[in-house]
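Each chain, letter by letter, is given below.
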Amino acid sequence: MTVTARGRSGGGAGMEEKCDAPGLGFLGLDRMCVLLPPLRLPEKLSASRTLRTHLFTNYRMRKVRDSSRWLIPLWVGIWVFIASLIYLRMSYQAVEKRRELLAIMCDDRARMLQDQLNVSMNHLQALAILVSTFHHSKTRSAIDQKTFAWYAERTAFERPLTSGVAYGVKVTHAEREQFERQQGWSIKKMYSSKTKKQSQGPGNAEDAEVREPAEEYAPVIFAQDAYKHVISFDLLSGADDRDNVLRARESGKGVLTAPFKLLNNRLGVISTYAVYKYELPPNARPQERIQAAIGYLGGIFDIEALVDKSLHQLAGKQSIMVNVYDTTNEKPISMYGSNDTGSGMCKVSTLNFGDPTRKHEMHCRFIQSPPWPWLAITTSIGIFVIGLLVGYIIYATAKRIARVEDDFQEMSLLKKRAEDADIAKSQFLATVSHEIRTPMNGVLGMLQMLMDTDLDTTQQDYVRTAQASGKALVSLINEVLDQAKIESGKLELEAVPFDLRTVCDDILSLFCGKAQEKGLELAVFVSDQVPQTLIGDPGRIRQIITNLVGNSIKFTEKGHIYLTVHVVEEIMHCLEVETGTQYANTLSGYPVANRKRSWENFRLFSRELSSSEMPFATVASDSISLIISVEDTGVGIPSDAQSRVFTPFMQVGPSIARIHGGTGIGLSISKCLVGLMKGEIGFASKPQVGSTFTFTAVLMRAHSSVNENKSLEFKEINALVVDHRPVRAKVTKYHLQRLGVHNELITDLGQYISKINCGSQIAKLVLIDKETWLKESHSMPLLVTKLRNKDQPDSTKLFLLENPKSSVKSNSHIFREYNLNVIMKPLRASMLQVSLQRALGGIDKLHCRNGVVGNSTLGSLLHKKQIIVVDDNTVNLKVAAGALKKYGAEVTCADSGKKAITLLKPPHSFDACFMDIQMPEMDGFEATRRIRVMERDLNEQIERGEAPPECAGVRQWRTPILAMTADVIQATHEQCLKSEMDGYVSKPFEGEQLYREVARFFLNQDQVQ
């Protein structure tokens, strides 16, 4: 909305301002925005900050984008290189692993082939030893061809790789003729020209040529049946065989021939061993071996069969191709395998067949092609993808960080604006409070001054109505401002000593008139366990209880409102404390809601919590937890509306707002205040029965005497309470105990009359409830007669406790007939004290007004005091001056802070100063600071002895200055103390508050000029 307002100082340019104050528009408070000083940042400064933030944001985002143009390709290239390295590495490892597997498989097969060949050759050597032993060592040979062939066949299983064996004996040329006669055949040549053309092996003996003369011969005399056709062949007649024989007898070991084709067209070799006529030492010389040689044993090995058997025994999951070569000569001779060696991976294993002069190798290759390195492929691709993801995360994170930093910069700017707005809101609240309460102060003050004039009854009624409406408006404004302070977190609690019992009495006095109008019984009970003096915020506790009691008065048409205060530990140890579940055990006899349900959801009373988890167990030893309940017999709260009871500005229903009025924020404020006191609040309600609201609060104990406020004048007095309702009787006893009166409760009058007849001591005071009097009307005259007939100097005083729902005039004959003193409910200690003092004749009725400070007391403090009042508002100036003059003060008025400084320049004759805070040109804070500077200068002169004559006898000059404002903000009170003000008086003036403030100075007049 747009409004136009002019300054308070009169003429000036109009000012238009837009304002939006949520929650205040319904009061018209949004129009007060025009009173606020402009708190916005300067336009140039704000635009500069916005431009700088915008440029900084764009710079960071542009920097991120520019970096990404070359960082992303670089990152991708790096991870491609890394993935390639990983692929190559894993592929190399796979190849090496395959190579190692091939080497293991090839070595295994080579080792198996060597072992099997060596086993067969060892058996050949054993056969050579057998021939040497049984043929040459015997005078007559024990072996012939038949025996040798039979033995060779029977022991062939020991030489599975040999296809045949033969033995040739050493014969010299001189022995040839005799040898041939003995054998019956001639020595033949191994190869004839005819057979050599057809085969590499020896031919038949019939077709063989006779061996030409030579120095030495080695004809075969024994042979296996399969090779008996070689008998008579000279082993030295063939080139390879001759070389084998010569090498065998020189080395003494088995030697092998070069590969050659056997009769079955397969490749084979011949292993030859020399047989000696006696055993030679290991280090025998070759010549000695040649001379000792007497024969030669040869065995034929089928290499292909040997290798096939080895491969069959070591068959695995992966087949390999095996080739065996004789590499003695430069050109290797293939002994096994195909000629297609391929170009794949090859493993060469050396074979050692026992012949040091010949070299053999095994070449192994995989038959199948190597598989694809899927592990390397997938791993490298996975690493590359991970790298891309990491890069994306880093990029997104960097972008996010840049965005967060930009948001942070923006949020910092918004935070600064919010803080400025919060300061503006606080100043707005202060201004609203001041600008609304200031005219209301004038209205209420003038109405009070009008009340002190001569008015007729009708005029007095009009003035009271206007005054009540003004106070209601001030109360409403206070509630709205409290709600605003709670929302902004500016609400703070005081910590001052106070008497909770007195606070409760004051609340009852506040609602006494309304309760009497409705005929409701209003009572309060505070447990003996509650300390007399507590430390906390009495104003906020008063506000909570006032809200609850006010709601109960508003919604209750019959019955009672009962306020109780207990210590939490009492309820914890006895959960049945005055629950009021039975109708006969209530204050008025009407049914009430079960009080226990109002606190059953408190964490404090949860059965699941252990004692160490209780909230009151964790607070300091000087703290105390109180539980306060307000019980009524009103209309109750409907079940569907109970969930929104504590919602601000919410009513149970439209009809409730029309009938009973109210803003609906009292309970919301109460809940927030209870939370600040570390407590909880709850309620139990039953429609058409009533409601009970209960809250807890944590306060501090004050170290003071429990009985310090008990009156000593009633110490020796006994009282008798006659009431048939226990709860109501307990309330009466509570108030009597506060005054120090010893009391006794009776519900049966017959028993008490019997005690009187027996001469028992009679109580000095007898308090009878009006309802009990009417119920026991037949016994009451006898009781009164007995009490009055006792021969005592001071007769018993009878008091009738009158319920406001019954008229006093309708029962006036009872009071006159029995001379009864009437005490109107609700009972309060101060009122009860006055009533007892009047009955006992110990008080001047003219100077007592129910225990409230009278005008004469305040007037005695302010009489003839010189007081200056400073306020720029003429109406408020008149109201303040009139209020102070009412109590006998001599008032001087000043309408500005500068004029106040002039009047209060020391030395002066003023006793005190009441100064408004918010004034044009110079506010009250600045004026107070300047006055204190002048006083400090004067005090320095007094200390130096240079003071003017007007200051003779003054030790220190200080004029009490009290802030006088309608501002209710906590920060304002703190600023008052910071500005060296001495007190705080809120508008409109009230007698008790004014008395408390001025008494601190005027009761010690020697300390004030």
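The structure contained in this document is the topic of the report that follows.

Here is what the cut-offs are and how they apply
- Residues numbered from 1 in each chain as written.
- Predicted model: local features only at pLDDT ≥ 70, side-chain atom pairs only at ≥ 80, totals over all residues.
- Heavy atoms only, no water.
- Helix = DSSP H or I, 4+ residues; strand = E, 2+ residues; numbered from the N terminus.
- Buried < 20%, exposed > 50% of the residue type's maximum accessible area, 1.4 Å probe, protein only.
- Contact = heavy atoms within 4.5 Å.
- Areas by Shrake-Rupley, 256 points an atom, 1.4 Å probe, with all protein chains shown as cover.
- Pairing = 2+ DSSP bridges.
- Axes fitted to C-alpha atoms, helices over the stretch in contact; angles between N-to-C directions.

Observations regarding the overall build of the chain
Then comes step 1: The secondary structure content of the chain amounts to 27 helices and 31 strands.
Then comes step 2: The proportion of buried residues among the 1009 residues of the chain is 45%.
Then comes step 3: Taking contacts inside the chain between residues at least 6 apart in sequence as the whole, the part at least 24 apart equals 72%.
Then comes step 4: Of the roughly 53000 Å² of accessible surface on the chain, a fraction of 53% belongs to carbon and sulfur atoms.

Focus on the pairing of strand β21 (residues 690–701)
Then comes step 1: In terms of burial, β21 is largely enclosed, as 9 of its 12 residues are buried.
Then comes step 2: Pairing of strand β17 (residues 534–536) with β21 involves 2 bridges; the strand directions are antiparallel. Note that in β21 the partner of Leu-534 across the bridge is Arg-701.
Then comes step 3: Judged from the 9 bridges that link them, strand β19 (residues 623–632) and β21 form a sheet pairing that is antiparallel. Looking across to β21, one finds that Ser-629 is bridged to Thr-694.
Then comes step 4: A loop of 3 residues connects strand β20 (residues 681–686) with β21, the two strands running antiparallel in sequence, and Gln-688 in this loop sits at a positive phi of about 65 degrees.

A closer look at the sheet that holds strand β27 (residues 866–870)
Then comes step 1: Read from one edge to the other, the open sheet built from 5 strands follows the order β28-β27-β29-β30-β31, with strand pairing classed as parallel. Single-partner strands in this sheet number two, and they are β28 (890–894) and β31 (983–986). Taking each pair of neighbouring strands and ignoring which way they run, the sheet shows an average axis angle of 25 degrees.
Then comes step 2: By the bridge criterion, 5 bridges tie β27 to β28 in an arrangement that is parallel. Paired with Ile-868 across the strands is Thr-892, a residue of β28.
Then comes step 3: Across the sheet, helix α23 (residues 874–886) is in contact with β27, β28, β29 (912–916) and β30 (961–965); its angle to β28 comes to roughly 165 degrees.
Then comes step 4: Helix α25 (residues 924–944) rests against β29 and β30 of the sheet, and its axis sits at about 150 degrees to β29.

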